[in-house]
Amino acid sequence: MSNHTIAPAITTWAELRTPDLEVLNRVEVARLLAIDPRTVDHGIDDGTIPAVRIGRRVLIPRRPFLETFCIATRQGTPPDPPR
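Scope of this entry: the structure provided in the associated data block. Here the residue numbering is sequential within each chain, running from 1 through the sequence in written order. Since the coordinates come from a predicted model, pLDDT governs what is reported: local features require at least 70, and pairs of side-chain atoms require 80 or more to be given and counted, while whole-chain, interface and lining totals use all residues. The side-chain figures draw on all heavy atoms in the structure; neither hydrogens nor water molecules are used.

Brief notes about the nonpolar core
Here's step 1: Ranked by internal contacts, the top residues of the largest apolar core, which has 16 residues, are Trp13, Leu24, Val29, Val40, Ile49, Ile60 and Phe65.
Here's step 2: It is helix α2 (residues 26-33) that contributes the most residues to this core, four residues altogether.
Here's step 3: Excluding residues within four positions of it along the chain, isoleucine 49 makes contact with Val29, Val40, Gly43, Ile44, Ile60, Phe65 and Phe69. We call a set of buried residues a nonpolar core when its members are Ala, Val, Leu, Ile, Met, Phe, Trp, Tyr or Cys and they connect through side-chain atoms within 4.5 Å of each other. A simple rule labels every residue: compare its accessible area, found with a 1.4 Å probe on the protein chains alone, to the largest value its type can have, and call it buried under 20%, exposed over 50%, or partly exposed in between. What counts as a helix is a DSSP run of H or I of at least four residues, what counts as a strand is a run of E of at least two, and both are numbered from the N terminus. It only takes one pair of heavy atoms within 4.5 Å for two residues to be counted as in contact.

The structure is reproduced here in structure tokens:
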């Protein structure tokens, strides 16, 4: 058995709201926002997108990300994603 477990990529807003998910990567955020990952990097650098750097990895905490874009995290019908 390997210690390297790769979680499936988050591709929908409904998947993003699952309570067991705590962090996202920049590619997942780019897909959700329909922007280039380099644009996510710029948002992280200017503080628009909350992120934590661990070595070369960039992790985006789920709750602060949702709050930044005013997306409710409670159960129920999800609002439309930002455009």
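Now that the structure is up, let's keep going.
Quick notes on the pattern of salt bridges
Here's step 1: Salt bridges are defined as contacts in which a side-chain nitrogen from Lys or Arg sits within 4 Å of a carboxyl oxygen from Asp or Glu. Overall, the coordinates contain four salt bridges when judged by the stated rule.
Here's step 2: Here arginine 63 ties to glutamate 22 by a salt bridge, and the two come within 3.7 Å at their closest N and O atoms. Here arginine 63, found in helix α4 (residues 62-68), pairs with glutamate 22, found in the loop between α1 (13-16) and β1 (23-24); they are 41 residues apart in sequence, far enough to count as distant.
Here's step 3: Residue classification places arginine 63 among the partly exposed residues on the basis of a relative accessible area of 44%.
Here's step 4: What makes glutamate 22 partly exposed here is its relative accessible area of 38%.
Here's step 5: Here aspartate 41 ties to arginine 26 by a salt bridge, and the two come within 2.7 Å at their closest N and O atoms. A residue pair is termed long-range when its members are at least 10 positions apart, and aspartate 41 in helix α3 (residues 37-45) and arginine 26 in helix α2 qualify at 15 residues.
Here's step 6: Judged by its relative accessible area of 24%, aspartate 41 is partly exposed.

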